[in-house]
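For reference, the chains in residue letters:
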Amino acid sequence: MRDTRESRLLLVLLIAIAFALITVDIRGGEESPVDGARQAAATVFGPVENGVSAAVDPVGNAIGAVRDSGDRHDRIAALEHENAALKTKLGSDDRNTSKVRQLDSMLKTAGAGQYGIKAAQVIAIGAAQGFSWTITIDAGANDGLKRDMTVLNGEGLVGRVTTVGPNTATVLLANDPDFTVGTRMEKTDELGFATGQGSRPLSVQFLNGKADVKKGDRLVTFGSSKDKPFVPGVPVGEVVRVDPSGGDLTRTVFVRPYVGFTKLDVVGIVVQAPREDPRDMVLPAQSKKPEKPKPTPTVTVTVQPNGDLVDGSGKVVGNVNEKPDASASPGASPDASGDTGTAAGDTANEQE
């Protein structure tokens, strides 16, 4: 339509008529005079609106699906994150349970020996190219640690502190070839020196070449002057093999350490030594070995053709054809031969 004066007047007229109809419709309420016209328009244009709606709905649904897909992706990502967090928490709970168990065991060891300890966690191990067995712990000078302090855990001797930083420290493990500690054997008090051999058992040389040492004997630390680097009474290990002295002044004994050096986690540094040597108090109680069953004696009896029962020594112990005589008794009178009767004699033989 061209923009002319007549078209503008027509537009103004239509607008005025529309406003007039709206006003009449509002004032009429439910009895509006234009209600019939509205229903007729709905009858005519309803099918057209439905058709247009059916044609437009797929496009609208697609747009909504695209919009909602972002929300679903965010929800999936949130659920995956929550699942990962739950798995991490479950793993950390198992690890915390293990730490609590290790701490409890270590506190029992420290309590038995009256050691004042500072707990720490292993955060690193020594470099493999260094050919040394060391660990790094998350405690240092700020925690009261000093060089040459004894390190233990719930199982026994771990090592000694060699280097101390502000917040970390290095521990030389007891199985390192450069590690040597004085030992004392349980009960007999035989003294020796244990040296690390890496993944193999500790090598212990006793001062007494004729010391009575056998498999299963247990050793603890002897202690050092002023309790550095070692406090006394810390469990070291158990004898697994004894080599003959071969004429040497000392004899070599191989000891399996109580501590598993490849699975260290929580350790304790002895910051206060015990007032008295705990001796063997820190060693765990040994379980009693079950007694061997006593053999039951057996007697072999053979039957002779005449019915006599003969034991292994050839002695007659009875006869299968004889019946016990009720009249026979220890007080029966002897017969002419001076015997008390065959029944009493058989009874005596059966008792033997």
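Residues numbered from 1 in each chain as written. Predicted model: local features only at pLDDT ≥ 70, side-chain atom pairs only at ≥ 80, totals over all residues. Heavy atoms only, no water.

Enquirer: Any details on the overall build of the protein? Residues and values, ideally.
Expert: The secondary structure content of the protein amounts to three helices and 15 strands. Taking all 352 residues of the protein together, the buried fraction comes to 29%. Within the structure as shown, the protein displays about 23,800 Å² of accessible surface, and the carbon and sulfur contribution to it stands at 56%. (Helix = DSSP H or I, 4+ residues; strand = E, 2+ residues; numbered from the N terminus. Buried < 20%, exposed > 50% of the residue type's maximum accessible area, 1.4 Å probe, protein only. Areas by Shrake-Rupley, 256 points an atom, 1.4 Å probe, with all protein chains shown as cover.)

Enquirer: Explain unusual backbone geometry residue by residue, including any values.
Expert: Of note, the bond from lysine 228 into proline 229 is cis; its omega dihedral lies within 30 degrees of zero at 5 degrees. Relative to the assigned elements, proline 229 resides in the loop between strand 9 (218-221) and strand 10 (235-242). Here the phi dihedral of glutamine 114 falls at roughly 60 degrees; this positive angle occurs in a residue that is not glycine. By secondary structure assignment, the location of glutamine 114 is in the loop between helix 2 (35-113) and strand 1 (116-125). Since its relative accessible area comes to 58%, glutamine 114 is described here as exposed. Phi at aspartate 227 takes a positive value of approximately 60 degrees, unusual for a residue other than glycine. Its location among the elements puts aspartate 227 in the loop between strand 9 and strand 10. On the basis of relative accessible area, aspartate 227 is assigned to the partly exposed category, the value being 28%.

Enquirer: I'd like a rundown of the packing of aromatic side chains, residues and numbers included.
Expert: Working definition: an aromatic ring pair is given by the centre-to-centre distance plus the angle between the planes. Counting across every chain of the model gives one aromatic pair. Pairing phenylalanine 179 with phenylalanine 230 gives two aromatic rings, centres 5.4 Å apart and planes at 70 degrees, and the pair type is edge-to-face. Here the residue phenylalanine 179 occupies a position in the loop between strand 5 (169-173) and strand 6 (180-185), and phenylalanine 230 occupies one in the loop between strand 9 and strand 10, the gap between them amounting to 51 residues. For phenylalanine 179, a relative accessible area of 1% corresponds to the buried category. Note on phenylalanine 230: relative accessible area 4%, which makes it buried. (Phe/Tyr/Trp six-rings, centres within 6.5 Å; stacked < 30°, edge-to-face > 60°.)

Enquirer: Can you break down the side chain of arginine 160 residue by residue, with the values?
Expert: Of note, arginine 160 is situated in strand 4 (residues 157-164). Within polar-contact distance, the side chain of arginine 160 engages the side chain of aspartate 148 at 3.2 Å. Sequence-distant contacts of arginine 160, defined by excluding residues within four places in its chain, comprise Asp148, Met149, Val151, Thr170, Val171, Leu172, Phe179, Pro229 and Phe230. (Polar contact = N/O pair within 3.5 Å; in protein donor to acceptor, adjacent residues only side chain to side chain. Contact = heavy atoms within 4.5 Å.)

Enquirer: So what's going on with the environment of proline 201? Residues and values would help.
Expert: With respect to the helices, strands and loops of the structure, proline 201 is situated in strand 8 (residues 200-206). On a C-alpha basis, the gap between proline 201 and valine 239 in space is 9.1 Å, while along the polypeptide they are 38 residues apart. What proline 201 contacts, discounting residues up to four positions off in sequence, is Val240, Phe254, Val255, Arg256 and Pro257.

Enquirer: Would you mind going over the sheet that holds strand 8 in detail, with residue names and values included?
Expert: The strand order around the closed barrel built from six strands is 6-7-8-11-10-9, with neighbouring strands paired in antiparallel fashion. Each adjacent strand pair in this sheet contributes to an overall mean axis angle of 45 degrees, direction not counted. Bridge count between strand 7 (residues 191-197) and strand 8: five bridges; the pairing is antiparallel. By the bridge assignment for strand 8, phenylalanine 193 is matched with glutamine 205. (Pairing = 2+ DSSP bridges. Axes fitted to C-alpha atoms, helices over the stretch in contact; angles between N-to-C directions.)

Enquirer: Outline the sheet that holds strand 3 (residues 150-152), supporting the account with residue identities and numerical values.
Expert: One closed barrel accounts for six strands, arranged 1-2-5-4-3-12; its pairing is antiparallel. Taking each pair of neighbouring strands and ignoring which way they run, the sheet shows an average axis angle of 45 degrees. Pairing of strand 4 with strand 5 involves five bridges; the strand directions are antiparallel. Note on strand 5: the bridge partner recorded for threonine 163 is threonine 170.

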